[in-house]
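Residues per chain, in single letters:
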Amino acid sequence: MQYLPNILFAIALIFGVGFFVLNIRKLSRNIKLGKDVNRTDNKPARLKNMLKIALGQYKMVRRPLSGILHVIVYVGFVIINIEVLEIIVDGLFGTHRVFQGFIGNAFYGFLIGTFEILAALVFITVVIFWTRRNVANIKRFLSAEMKGWPKKDGNLILYFEMVLMTLFIVMNATDVPFQEAGVGNPISQFVAPIFNNFSAESIHLIERTSWWIHILGILVFLNYLYYSKHLHILLAFPNTYFANLNAKGQLNNLDSVTNEVKLMMDPDADPYATPEAGAEEEVPEKFGASEVTDLSWVQLMNAYTCTECGRCTSACPANLTGKKLSPRKIMMDTRDRLEEVGRNIDENKGTFKDDGKQLLNDYITPEELWACTSCNACVEECPVNIDPLSIIMDMRRYLVMEQSAAPQELNAMMSNIENNGAPWQYNQQDRLNWANEE
Amino acid sequence: MIVPTMADMMAQGKQPEILFWVGAAGSYDDRAKKISRAFVKILHQAKVDFAVLGTEESSTGDAAKRAGNEFLFQMQALMNIEVLNGYEVKKIVTCDPHSFNTLKNEYPSLGGKYKVLHHTQFIQNLIAEGRLEIDNQNLQGKRVTFHDPCYLGRANEVYESPRDLIRRLGVNLTEMKRHKRTALCCGAGGAQMFKDAEAGDKEVNILRTEDALETKPDIIATGCPYCNTMMTDGIKFKEKEDSVIVRDIAELIAQANKL
């Protein structure tokens, strides 16, 4: 029975990490439902983006208050997690603060002391975040798409962090030898006196309990990620790496359309020619996107990366003037539909069974899509380089090229371009009249 | 006003330094035509050898593309590229950021590879090369705010060229709270120019006009014919047309230089 805690710990670790790996595989499978797009060019620029934007939080701090607060939680989270290494070794081998012996009291004290200060800072910051979300009336946290689960999700993450940080401090405060050594306890030394009147057994029990709930909490939190907007802590890195590197104004040219247009314009083309072998498969099923599987894997990864901060929506001219469009909702809808498609595939043994739904209309309405001015404010704002505009444009393409469902005025504009080379009804022969009108 | 066409040039066996891409607004819209003429006056003053396509110019397809009609866009693009390549055009200058963006970014992969400049960039070059000077007396002291066109600013990260020119006018450039990267759209992009807005509680151009009016400007400067229309409408809506005017930077330079 001596090894019971070690065995229990190993089982918890295996289950915790194993379940996480399963979910990550599901995540990767779902992302791969997207269409192929090549994002392997210009690796130095991609790496630079990742280091600057994800690791360096470059775009986060453009809004200084929320940005700096976020940096505190981010740095705290990354650095405090070094302690998890020690916890895992201790848990598996039944040791206690195993690194202390290896690296010496002074350096160990410095490390744990740093973690404690960070833990306290994270706790305070998370309380500020909670207040911003729940009390401060900040418009972007109150939008329609944030009602219900997204709001709960946001708060749950904050509660998780508050509890984990508290447990870390309590665990140190009730570690009597650690407190007696007197190094690395800049915060917990002020918490320790609370337990002065407790018996030695009780203090030890509190220490052990805190230690266990802390590590189990971390494993639960790890597995919560997949079900939460909090996935951004992992996906921010690949998302910034694979993000679009071209000028934001450049909208991709559809190759499938180029082939058809060239054929149409080629006077030597034989419309009755037998297609070359294999050409049949090259014809795309449809132009544009009405379903998540019509989008590219980068767009789908964007959807999973979105942490619903709403900076995009708070800068969107359509949203600012009361229109239904919210770029954040575009991303949330894409993710929710992709999750639904993924579950459908799981339930139907690996193949998607038509559920009578699609991303267009059932999640994103044409009214939202047509409200976009393509101004790129959302793309510019996103702290992790998500591109909601590309999804909006792909869905407009479906509406227009597959369904001829553009608003009437746009149809008029387009037929003008077709007939006289301008969006208005003017004669192309009058195109130079301006030169002689003064 | 002398505006040579590429066809004239070719007949004389000449190749101009630049092609001035006028764009649909600059060709047909009464307000935007004034911008085209102002820019031509500047070109003449700087003795730039230029030409336009005239009746051979056609929509770049930007609005069609943003409206979702990739077919129409690519038809327009391929037709224009055929004409441009036929004249062996190397360098294009335009007053329309939408044409600028499309020609610069979306034509190359379809076979149209040109050096494309917005007129503010080109005028900046003319000054740097000593071919043009801006008189800083005539507009001196005026309060000017600049509205960044999305397709010049965020889309292509050209923020400084227009501002550099405005400063050279000797005016007092005052920025709106949302400017450069965070500039608010005028409401015309993405084919919105050609349709009514969806239901909401305000028009985008009104919100943007309010941004501009907060700076108490004499002049709202723009670098886009569509932004110009939207801001002009906004000023009318706010009944400020007696105290605030909307001008393209080319018009301001033409005015400063008394062209």
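Residues numbered from 1 in each chain as written. Chains lettered and ligands numbered in written order. Predicted model: local features only at pLDDT ≥ 70, side-chain atom pairs only at ≥ 80, totals over all residues.

On to the interface of chain B and chain A. Opposite the 57 residues of chain B that make contact, chain A presents 58 residues. Mapped by element, the contributors of at least two residues to the side of chain B that touches chain A are helix H2 (23–28), helix H3 (30–45), helix H4 (62–66), helix H5 (70–86), helix H6 (97–106) and helix H9 (204–213) of chain B. Tallying contributions element by element places H5 of chain B first for the side of chain B that touches chain A, with seven residues. Here the residues of the side of chain B that touches chain A sort into 22 nonpolar, 20 polar and 15 charged. (Contact = placed C-beta atoms within 7 Å. Helix = DSSP H or I, 4+ residues; strand = E, 2+ residues; numbered from the N terminus. Nonpolar A, V, L, I, M, F, W, Y, C, P; charged D, E, K, R; others polar.)

Moving on: the sheet that holds strand S1 (residues 18–21) of chain B. Strand pairing in a sheet takes place through backbone hydrogen bonds and is either antiparallel or parallel in direction. With respect to topology, four strands assemble into an open sheet ordered S2-S1-S3-S4 (chain B), the strand pairing being parallel. The open sheet has two edge strands with one neighbour each: strand S2 (50–51) and strand S4 (115–118) of chain B. (Pairing = 2+ DSSP bridges.)

Turning our attention to unusual backbone geometry. Its identity as a non-glycine residue notwithstanding, Asn376 of chain A has a phi of 70°, on the positive side. With a phi angle near 50°, Lys180 of chain B is a residue other than glycine that sits in the positive phi range. You can call Lys180 of chain B partly exposed: it has 16 C-beta atoms within 10 Å. (Buried ≥ 20, exposed ≤ 12 C-beta atoms within 10 Å, placed from the backbone.)

This next bit is on the domain arrangement of chain B. Residue and element names in this part refer to chain B. Under the domain assignment, chain B is made up of domain 1 (6–127) and domain 2 (134–256). One C-alpha centre belongs to domain 1, the other to domain 2, and the line joining them spans 22 Å. Breaking the side of domain 1 that touches domain 2 down by element, the ones donating at least two residues are H2, H3, H4, H6 and helix H7 (119–128). Per-element accounting of the side of domain 1 that touches domain 2 gives the leading share, eight residues, to H3. Here the residues of the side of domain 1 that touches domain 2 are counted per class, giving 13 nonpolar, eight polar and six charged. (Domains from an automatic or database assignment.)

A few words now on helix H10 (residues 225–237) of chain B. Residue and element names in this part refer to chain B. Compared with the 18 Å implied by 1.5 Å per residue over 13 residues, the 18 Å span of H10 between its first and last C-alpha is a close match. A large share of H10 lies buried, amounting to ten of its 13 residues. Regarding H10, the residues found buried are Pro225, Tyr226, Cys227, Asn228, Thr229, Met230, Met231, Thr232, Gly234 and Ile235. In the core, the buried residues of H10 are packed alongside H2, H3, H9, strand S7 (219–222) and strand S8 (245–248). Looking at the residues trailing H10, positive phi occurs at Glu239, about 50°. (Expected span 1.5 Å × (residues − 1).)

We now examine the domain arrangement of chain A. Residues and elements named next belong to chain A. As assigned here, chain A comprises domain 1 (4–31 + 63–231) and domain 2 (255–272 + 285–423). Using only C-alpha atoms to locate each centre, domain 1 and domain 2 end up separated by 40 Å. Contact residues are listed per partner, giving 13 residues for domain 1 and 17 residues for domain 2. When residues in the side of domain 1 that touches domain 2 are grouped by element, the largest group, four residues, is from helix H1 (residues 4–31). Across the side of domain 1 that touches domain 2, the residue classes tally to five nonpolar, three polar and five charged.

Residues Met395 of chain A together with Ile42, Ala250 and Ile253 of chain B are the most contacted members of the largest nonpolar core, which totals 149 residues. At nine residues, the largest contribution of residues to this core is made by helix H21 (residues 388–402) of chain A. When neighbours within four sequence positions are excluded, Ala250 of chain B is seen to be in contact with Ile35, Ala38, Phe39, Ile42, Cys95 and His119 of chain B. (Core = buried A, V, L, I, M, F, W, Y, C linked by C-beta atoms within 7 Å.)

Residues and elements named next belong to chain B. Judged from the three bridges that link them, S1 and strand S3 (residues 91–94) form a sheet pairing that is parallel. By the bridge assignment for S3, Phe20 is matched with Val93. In this structure, S3 lies alongside S4, joined through four bridges in parallel fashion. Opposite Ile92, over in S4, you have Val116 as the bridge partner.

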